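Residue-level structural notes
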Amino acid sequence: MTTDGTHGQSYERGIEIRKNVLGHAHVQKSLDAVSEFSRPIQELVTEYCWGEVWSRDGIDRKTRSMLNLAMLTALNRMHELGVHVRGAINNGVTPAQIQEVLIQSAIYVGVPAALESFRVAERVLKEMDIDV
């Protein structure tokens, strides 16, 4: 899955950042599962989300991870939340900081969403053998 010119550079930068944040195995599994139907959205996400937005200098990856946890809680996107809990740990976010982000989210986006996010985050942290 590569494109030409500057799009190719953004895509390759996106693959590198995506693997750094989410882990090589997770990204490779996602790429291996790409169908011809889903290829365009995977390329778009890799190039623009990871290659353009995640590569910006304005805020660090740790902060981006914490923002993602809050936004995914607000949107009730639990699969993606689980993926980004792992990414947050890889970016230096501590379990205590994850807890604080989810508590903050509870007040602003609703307790039911935050409760579900706590369940997902705790499951992922345990799978990663991180004491919580």
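Residues numbered from 1 in each chain as written. Predicted model: local features only at pLDDT ≥ 70, side-chain atom pairs only at ≥ 80, totals over all residues. Heavy atoms only, no water.

Focus on helix H4 (residues 61-75)
The end-to-end C-alpha distance of H4 is 20 Å, a good match for the 21 Å that 15 residues give at a rise of 1.5 Å each. Of the residues making up H4, those classed as buried are Arg 64, Ser 65, Asn 68, Leu 69, Leu 72 and Thr 73. Against helix H3 (39-53), helix H5 (78-90), helix H6 (95-109) and helix H7 (111-127) lie the buried residues of H4. One or two residues past the end of H4 sits Asn 76, with phi positive at roughly 55°. (Helix = DSSP H or I, 4+ residues; strand = E, 2+ residues; numbered from the N terminus. Expected span 1.5 Å × (residues − 1). Buried < 20%, exposed > 50% of the residue type's maximum accessible area, 1.4 Å probe, protein only. Contact = heavy atoms within 4.5 Å.)

A short note on unusual backbone geometry
Its identity as a non-glycine residue notwithstanding, Asn 76 has a phi of 55°, on the positive side. Position of Asn 76 among the secondary structure elements: in the loop between H4 and H5. We note that Asp 129 has phi near 60°; this positive angle belongs to a residue other than glycine. Note that Asp 129 resides in the segment after H7. What makes Asp 129 exposed here is its relative accessible area of 69%.

Quick look at the domain arrangement of the chain
Where the parts come together, the accessible area they lose is often given as the size of the interface. Along its sequence, the chain is carved into domain 1 (1-56) and domain 2 (59-131). Placing the centre of domain 1 and that of domain 2 at their C-alpha centroids yields a distance of 22 Å. Contact with domain 1, which involves 10 residues of that partner, is made by 11 residues of domain 2. When domain 1 packs against domain 2, close to 850 Å² is buried across both sides, 55% of that on carbon and sulfur atoms. Contact with domain 2 buries area across many residues of domain 1, yet Val 21, Leu 22 and Trp 54 alone supply 61% of it, more than any other trio. At the junction of domain 1 and domain 2, the tally comes to 0 salt bridges. Counting residues per element, the ones that place at least two in the side of domain 1 that touches domain 2 are helix H1 (5-22) and H3. If you tally residues by element for the side of domain 1 that touches domain 2, the top one is H1, at 4 residues. When grouped by side-chain class, the residues that make up the side of domain 1 that touches domain 2 number 6 nonpolar, 3 polar and 1 charged. (Domains from an automatic or database assignment. Buried area = accessible area lost by both parts, 1.4 Å probe. Salt bridge = Lys/Arg side-chain N within 4 Å of Asp/Glu carboxyl O. Nonpolar A, V, L, I, M, F, W, Y, C, P; charged D, E, K, R; others polar.)

Here's the deal with the UniProt feature "domain: Carboxymuconolactone decarboxylase-like" (unreviewed entry) in the chain
Following the UniProt record, one finds the feature "domain: Carboxymuconolactone decarboxylase-like" (unreviewed entry) at residues 41-122. Within the segment residues 41-122, helix and strand shares are 83% and 0% respectively, and the terminal C-alpha atoms sit 29 Å apart. (UniProt positions renumbered as here; feature names shortened; annotations may be inferred.)

Comments concerning the nonpolar core
Among the nonpolar cores identified, the biggest contains 15 residues, and Leu 69, Leu 81, Val 85 and Ile 98 are the most heavily contacted of them. For this core, the secondary structure elements donating two or more residues are H4, H5, H6 and H7. The element that contributes the greatest number of residues to this core is H5, accounting for 5 residues. Not counting the four nearest positions on each side in its chain, Ile 98 is found in contact with Leu 69, Val 85, Ala 88, Ile 89, Val 93, Ala 121 and Leu 125. With 10 residues, the next largest nonpolar core counts Ile 15, Ile 17, Leu 22 and Trp 54 among its residues. (Core = buried A, V, L, I, M, F, W, Y, C linked by side-chain atoms within 4.5 Å.)

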